[in-house]
Amino acid sequence: MKTTRRSNGSAHASQGAGTLPEVRAGRVVKDKLVTALLWCTMGGIVLLLGGILTFLSARGAGVLSWDFFLEPPREAMTQGGVYPAIVGTFQLILVSMAFAFPMGVATAVYLVEYARDDFFTRTVRLAIRSLAGVPSVVFGLFGLSFFAVFLGFGPCLLSAGLTLGCLALPIMVGAAESALRSVPQDYRDASYAMGATRWQTIYKVVLPAAFPSILTGGILSVGRVAGETAPIIFTGAAFYAPHVARSLFQEVMALPYHILVLATAGTNIEMTRPIQYGTVLVLLIIVLGTTLIGILWRARLRLKNVR
Amino acid sequence: MPAATPKFLVRALNLHYGEHHALKNVEMDIAPKSVTAFIGPSGCGKSTFLRCLNRMNDFILGCRVEGEIKLDGMDIYAASTDVIALRRKVGMVFQRPNPFPSSIWENVAYGPRLHGIRNKTVLQEIVESSLKGAALWEEVQDKLHTPALALSGGQQQRLCIARAIAVEPEVLLMDEPTSALDPLGTARIEELVRELKERYTVVIVTHNMQQAARISDMTCFFLMGETIEMGPTQEIFTSPQDRRTEDYITGRFG
Amino acid sequence: MKDSDTLRGDRIPKRVITVLASTGMAIMLFILYFLLREGLPVLRHASLGELLLGSYWYPTYDPPEFGMFPLVVGSLAVTALASLLAVPVSLGLAAFISEVCPRSLREIFKPILEVLGFFPSVVLGFIGMVVIAPWLQERFSILTGLNLMNASILMGIMIVPVVASLAEDAMAAVPKDLRDAAYALGSTRWETISRVVIPSALPGILQACLLGVMRAVGETMVVLMASGGAALVPRSVLDPVRPLTSTIAAEMGETPVGSDHYFSLFFAGILLLVITLGINVAAMWVERRGMRWRG
């Protein structure tokens, strides 16, 4: 916090005899030191993020080309591109969001518009909070035993996508809930005053008003889902699939899993390093790009709401 | 009753918040060991001016102060002034009671501890005398280690006064200290203020003219960032010199 | 439209929404049910004591051994070390953003922190393999740089944004009144932070730390790629470990559904869920206590 001031008082300062109590030595020094330390911490984090991004871009940029984006892996994944993995990642995002978005919004609508403080509501809240804390690999176990084995989908796009959807649900609920809560009560009152029912009010007034914020929440959830690996390893991510999945019941390649495979179980780990860096960079572009769009859009919405 | 050497001497004080000219050419002498009240409609700059006296405005972004404020002849806005030391000498009590969320004892001991007093016995003495000074000792002596937030609003405000006087200031600034209190709490604070002037220079901002009339020796009327009139409280309320002062105290506006 | 029609028109959406809102509940119940269903059968072949305290994890030997003690210790060791590294940094960041940082810069630093939180864990694990591991290996002349230290550093990076942003929320929620009071008593900024802001925000800060720890216990990819994967109780921070999460992720793919190994991995999942749910409950308890304490 800065204060700028000009003073013409110094000329008079000598005449007075006033004194101020003594300040214990070291207090101000300590304050300055800690302040400097806190600045350094923040600086360190900025450098860390910048360093990681620069390092990965420098190593990965050379690999990126149209061929890399548009070709499947070749020669036992030691050459070629990541086309099926890119498409697979987007397919997984689509399936997971097709589940998590409507369910998340509906849950949020319930919590904000309908919920009374009763046992059912408290249980719903507790479940959502618990779900948010479930480790991603446990979602993987659940997806395997429920979607793949119990429901008989097998390891496939649908199983993996729904597993990711379950993981995204609490995030989506949180985003939609805060969006709905930020709709002013006046809007609702005005609608009720015109004789609208509660559902008409929600559908025609509240949801449209909250929709942009809900959408940014959705975008940010996509950022979370796109980079997840553990839930899809045994629910539908393919080690290698030359073709893009044409049905929900086929396995798909995904960028995060592809990185894991190349880096830990590939045919020649050292030789495929460039491809690994390239794949990492593609994943980062997708995840951080989505996130950045979400963050910027959210910032714009907030700015508009303030005005 | 202008004293020989004023505690505060303010000359040509101007304050801007960005474009807004919030205080215009304020000039004032504040006598030691007296109660000075600032009255005026809301937004007139009286609180802003009060916050200049212990440089609490330093935190406000884009706030610019020109002119001089001397405390015992020393320019408090000089570059060499230690703000920490200044605030120890010039204590402050706020509009809403704001005790820290800790025990009553911890609240009062906060300031002395900052200034390096660690000895429990000494601290205990300070806590006791400060609470007595704030007329709260009788009520809380048996529950010094209970949460301060469990006290009533009026008690919380007296605790804040105790906390402020625990660092042995010479001046107490009070920014509408009773505006969040009920009538009973207000009466206790007013009574206390009259006692406090025996030891401290008290400057109080109030929106309540009766309050100013009841407790202050000097009254200053602010309007649109200017000091319209200042004088002994009796005179201000019985024979104001300025038409605007008269309009305000007779309730014609504000 | 008659009144009854309007009312019916209102009742149906309400029912639909209520049913849809139960999805989360259903998923949580299904997770519990399927984990227990697929995890408990392992108790037919190994006692609870053997599972939890046995020191040998040889699930594919004949006869197999399912001692998860080294795995649990591995999980706890990575979590503890990561928290030790990350919590001070996170609280520093939170204090910086909430108390020190000029407002204009805040709008830049907060998103930066957020972006760090969105880093895919597989990417961090990859960095552990290609950057930190060779460095550790050379610096300490050890056999492998994939070890407890490596995984903890990365895990620390993962949880810093989580803890920092939650702790920042808690600090920013401390009323301005209290800061004013502290400054008016002649506190420096650091004294205001350490004696007023942090104590007032303590329940929120504690909750932030707990949620960070919870995240660390459940994090998979970083430990799968960078912890070395040896199912041993580590004797130093440079020893490799094999936490529960990475064990599941690494072995589930090669395990036939319905085998004892399969059941034992689900049992490991139960352990993970119990730990994380426990931490989650603790966090909720802290939150409720904090509210009551504030009055």
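Reading the values: rules and limits
- Residues numbered from 1 in each chain as written.
- Chains lettered and ligands numbered in written order.
- Predicted model: local features only at pLDDT ≥ 70, side-chain atom pairs only at ≥ 80, totals over all residues.
- Heavy atoms only, no water.
- Helix = DSSP H or I, 4+ residues; strand = E, 2+ residues; numbered from the N terminus.
- Buried < 20%, exposed > 50% of the residue type's maximum accessible area, 1.4 Å probe, protein only.
- Contact = heavy atoms within 4.5 Å.
- Areas by Shrake-Rupley, 256 points an atom, 1.4 Å probe, with all protein chains shown as cover.
- Lys, Arg positive; Asp, Glu negative; His and termini not counted.
- Charge placed at Lys NZ, Arg CZ, Asp CG, Glu CD.
- Pairing = 2+ DSSP bridges.
- Axes fitted to C-alpha atoms, helices over the stretch in contact; angles between N-to-C directions.
- Buried area = accessible area lost by both parts, 1.4 Å probe.
- Salt bridge = Lys/Arg side-chain N within 4 Å of Asp/Glu carboxyl O.
- Polar contact = N/O pair within 3.5 Å; in protein donor to acceptor, adjacent residues only side chain to side chain.
- Nonpolar A, V, L, I, M, F, W, Y, C, P; charged D, E, K, R; others polar.
- Patch = residues over 30% accessible without salt bridge, like charges linked within 9 Å, V, L, I, M, F, W, Y side chains within 5 Å.
- Parallel < 35°, antiparallel > 145°, perpendicular 65-115°, else oblique.
- Left-handed = near helix turned anticlockwise from the far one by under 90°.
- pLDDT = per-residue confidence, 0-100.
- Phe/Tyr/Trp six-rings, centres within 6.5 Å; stacked < 30°, edge-to-face > 60°.
- Lys NZ or Arg CZ within 6 Å of the ring centre and 35° of its normal.

Draft legend 1. Seen up close, the overall build of chain C. Broken down by element type, chain C carries 13 helices and 2 strands. Counting only C-alpha atoms, chain C reaches 75 × 70 × 35 Å along its principal axes. Split into buried and exposed, the 295 residues of chain C put 56% on the buried side. For chain C, the proportion of contacts with a sequence separation of at least 24, taken over those separated by at least 6, is 71%. Surface accessibility of chain C: about 12,400 Å² in total, with carbon and sulfur atoms responsible for 65%. Each charge sign in chain C was given a centre, from 22 positive and 22 negative side chains, and these centres are 10 Å apart.

Draft legend 2. Region of interest: the sheet that holds strand β8 (residues 201-205) of chain B. Residues and elements named next belong to chain B. Taking strand neighbours across the sheet as the criterion, the 6 strands line up as β6-β7-β8-β3-β9-β10 in an open arrangement whose pairing is mixed. Every interior strand has two partners, whereas the edge strands, β6 (90-93) and β10 (226-232), have only one. Looking at each pair of strands side by side, their axes are set apart by 15° on average, direction ignored.

Draft legend 3. Representation of the environment of Trp66 of chain A. Residue and element names in this part refer to chain A. Inspection of the secondary structure puts Trp66 in helix α2 (residues 66-70). Overall, Trp66 belongs to the exposed group, its relative accessible area being 66%. Considered as a pair, Trp66 and Gly81 are 15 residues apart in the sequence and their alpha carbons are 8.9 Å apart.

Draft legend 4. Structural view of the interface of chain C and chain A. Contacts between chain C and chain A engage 80 residues on the former and 77 residues on the latter. Buried surface at the junction of chain C and chain A, summed over both partners, amounts to about 7,100 Å²; 80% is from carbon and sulfur atoms. Across the contact surface, chain C and chain A share 3 salt bridges. Summed over the shared surface of chain C and chain A, the result is 8 residue pairs in polar contact (both at pLDDT 80 or more). In terms of residue class, the side of chain C that touches chain A is built from 54 nonpolar, 18 polar and 8 charged.

Draft legend 5. How the structure looks around the side chain of Glu176 of chain B. Residue and element names in this part refer to chain B. With respect to the secondary-structure elements, Glu176 resides in the loop between β7 (171-175) and α7 (183-196). The exposure class assigned to Glu176 is buried, which follows from its relative accessible area of 11%. At 3.0 Å, the side chain of Glu176 and the side chain of Gln95 are in polar contact. Setting aside chain neighbours within four positions, we find Glu176 in contact with Lys46, Phe94, Gln95, Val205, Thr206 and His207.

Draft legend 6. Summary view of a nonpolar patch on the surface. Residue and element names in this part refer to chain C. Residues Leu36, Leu40, Leu43, Leu48, Leu52, Leu53, Phe69 and Val233 make up a contiguous nonpolar surface patch of about 650 Å² in total accessible area. For the nonpolar patch, the element with the most residues is helix α3 (residues 48-53), which contributes 3 residues. Take Leu43: it is sitting in the loop between α2 (23-39) and α3.

Draft legend 7. Seen up close, the packing of helix α4 (residues 119-133) of chain A against helix α6 (residues 157-181) of chain A. All names here are of chain A. Between α4 and α6, whose axes approach to 8 Å, the crossing angle comes to 125°. It follows from the interaxial angle that α4 and α6 lie oblique. The two elements α4 and α6 meet at a crossing, and its hand is left-handed. Where α4 abuts α6, its residues Arg125, Ile128, Leu131 and Ala132 lie against Cys166, Leu169, Pro170, Val173, Glu177 and Arg181.

Draft legend 8. Structural detail: the sheet that holds strand β1 (residues 8-17) of chain B. Residues and elements named next belong to chain B. The 4 strands lie next to each other as β2-β1-β4-β5, forming an open sheet whose pairing is antiparallel. Sheet topology places β2 (20-30) and β5 (74-75) at the edges, where each strand pairs with a single neighbour. The pairing of strand β4 (residues 63-71) with β5 spans 2 bridges and is classified as antiparallel. Residue Leu71 lies in a different strand from β5, and its bridge partner there is Met74.

Draft legend 9. Molecular detail of the pairing of β1 of chain B. Residues and elements named next belong to chain B. The pairing of β1 with β2 spans 7 bridges and is classified as antiparallel. Across the sheet, residue Leu15 finds its bridge partner in β2, namely Leu23. Hairpin geometry of β1 and β2 is characterised by an intervening segment of 2 residues between the two adjacent antiparallel strands and by a positive phi of about 55° at Gly18. By the bridge criterion, 8 bridges tie β1 to β4 in an arrangement that is antiparallel. Bridge assignment links Arg11 to a residue of β4, and that residue is Glu68.

Draft legend 10. Inspection of the confidence of the model for chain B at higher detail. Put simply, chain B has an average pLDDT of 90, and 97% of its residues get 70 or more. Looking over chain B, one finds the lowest element-wise mean pLDDT in helix α10 (residues 243-249) of chain B, namely 88, and the highest in β8 of chain B, namely 95.

Draft legend 11. Focus on the packing of aromatic side chains. Under the criterion given, the structure shown has 29 aromatic pairs over all chains. Here the aromatic rings of Trp199 of chain A and Tyr203 of chain A are separated by 5.6 Å at their centres, their planes lie at 25°, and the arrangement is stacked. Here Trp199 of chain A pairs with Tyr203 of chain A, and both are found in helix α8 (residues 198-226), just 4 residues apart, close to one helical turn. In textbook terms, an aromatic cluster arises when at least three aromatic residues are bridged by ring pairs, as seen for Phe142, Phe146, Phe147 and Phe150 of chain A together with Phe30, Tyr33 and Phe34 of chain C. The residue whose ring lies beneath Arg163 of chain B is Phe100 of chain B, and the NZ or CZ to ring-centre distance is 4.4 Å. The ring of Phe140 of chain C is capped by Arg139 of chain C, whose NZ or CZ atom sits 5.1 Å from the centre of that ring.

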